[in-house]
Amino acid sequence: MPKHRSLAAQERTYGAPSTVLRRALLGGLILAVLLTVAGLLAYLTRADSPASAKPTPTPASTQPAASPEATPGGPTAVAAPPKTSDPIVFAKAATKVLWTYDTRSFSRAEHVAGLKRWMTGEKKYADWESVSDQIPSPVLWSRMHDNRQHATAKIGEGHFPQAFKTALAQDPGAITKAYVYAVTVTGKQSIAWKGSGAGAESRSTTLAVQCRPDTACALVGVLPSVAP
């Protein structure tokens, strides 16, 4: 990123320490249910250093008002999830929408509503908090809107982490308990704002994706650390 970072980059580590810990435990629980392998659990539940506290949300009068529904055929805040049973294909698409936003044209409420369409309907596994932590706070979204900030993403590759493949090979039948897959995705996010401000950075993330037989994949959550 350039010396003068975008507003979004200033809030990259969303969530208070307790939130990070909860995400780590939830991520571990998902994989424990899936794999029941202590080694993988310990590996994938490693948390980074405590994140800075999130600003207290306040109403943002400068945000564009949320429309009740998208205009048919018109632009939407978040693309619709693909109808696929391939966890890697789905994870790459999900990563793209997580790294893409347009504060110029859409409110935070519209962006949030769009991302919720990607989540699994199984509350036992859905970790919406880990996904919402990827979204700028209401206060920051308002500032980004004033700055006309928007981002696009170019996705590179996606793969099952080695630890996931190893654990799955040790217990192939464990996947049938929840059909939740860990997928690591890499790519590049490009951000621009009013004037000539722009920047780009390479990023990577590990998602938990649920793909039950004969059912389209859905997002479970974002793991607290990237698994190679």
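Just so it is clear, the structure is predicted and the values come from calculations on it, not from any experiment.

Peer 1: For this particular structure, what's the right way to read the overall build of the protein?
Peer 2: When helices and strands are counted, the protein shows seven helices and five strands. Every one of the 228 residues in the protein was classed for burial, and the buried ones make up 46%. Relative to all contacts within the protein whose residues are 6 or more apart in sequence, the contacts with residues 24 or more apart total 76%. Carbon and sulfur atoms make up 56% of the accessible area of the protein, which amounts to about 11,100 Å² in all.

Peer 1: Got a minute to help me understand the state of the cysteines in this structure?
Peer 2: Disulfide: a covalent bond formed between the sulfur atoms of two cysteine residues. Under the defined criterion, the tally for this structure stands at one disulfide. Here C211 engages in a disulfide with C217; their sulfurs sit 1.9 Å apart. Taking the sign of the S-S torsion, about 115° here, the bridge from C211 to C217 comes out right-handed.

Peer 1: Got a minute to help me understand the pattern of salt bridges in this structure?
Peer 2: In a structure, side chains of opposite charge can pair up when their charged atoms sit close to one another. Per the counting criterion, the structure on display carries two salt bridges. The shortest N-O distance in the salt bridge between R212 and E122 comes to 2.6 Å. Taken together, the residues R212 in the loop between β4 (198-210) and β5 (218-222) and E122 in the loop between α4 (108-116) and α5 (128-132) connect sequence positions 90 residues apart. Take R212: its relative accessible area is 25%, and that puts it in the partly exposed class. By relative accessible area, E122 is classed as partly exposed at 27%.

Peer 1: I tried to follow unusual backbone geometry on my own but got confused; where do I start?
Peer 2: For residues that are not glycine, phi is negative in most cases, and the peptide bond is trans in most cases. With phi around 55°, R148 is a residue other than glycine that occupies positive phi space. Note that R148 resides in the loop between α6 (138-146) and β2 (150-159). We note that Y179 has phi near 55°; this positive angle belongs to a residue other than glycine. For Y179, the location among the structural elements is in the loop between α7 (162-170) and β3 (180-192). Note on Y179: relative accessible area 18%, which makes it buried.

Peer 1: Looking at this structure, how should I read the environment of D133?
Peer 2: Note on placement: D133 falls in the loop between α5 and α6. Between the C-alpha atom of D133 and that of V222, which follows or precedes it by 89 residues, the distance is 9.1 Å.

Calculation criteria
- Residues numbered from 1 in each chain as written.
- Predicted model: local features only at pLDDT ≥ 70, side-chain atom pairs only at ≥ 80, totals over all residues.
- Heavy atoms only, no water.
- Helix = DSSP H or I, 4+ residues; strand = E, 2+ residues; numbered from the N terminus.
- Buried < 20%, exposed > 50% of the residue type's maximum accessible area, 1.4 Å probe, protein only.
- Contact = heavy atoms within 4.5 Å.
- Areas by Shrake-Rupley, 256 points an atom, 1.4 Å probe, with all protein chains shown as cover.
- Disulfide = S-S within 2.5 Å.
- Salt bridge = Lys/Arg side-chain N within 4 Å of Asp/Glu carboxyl O.

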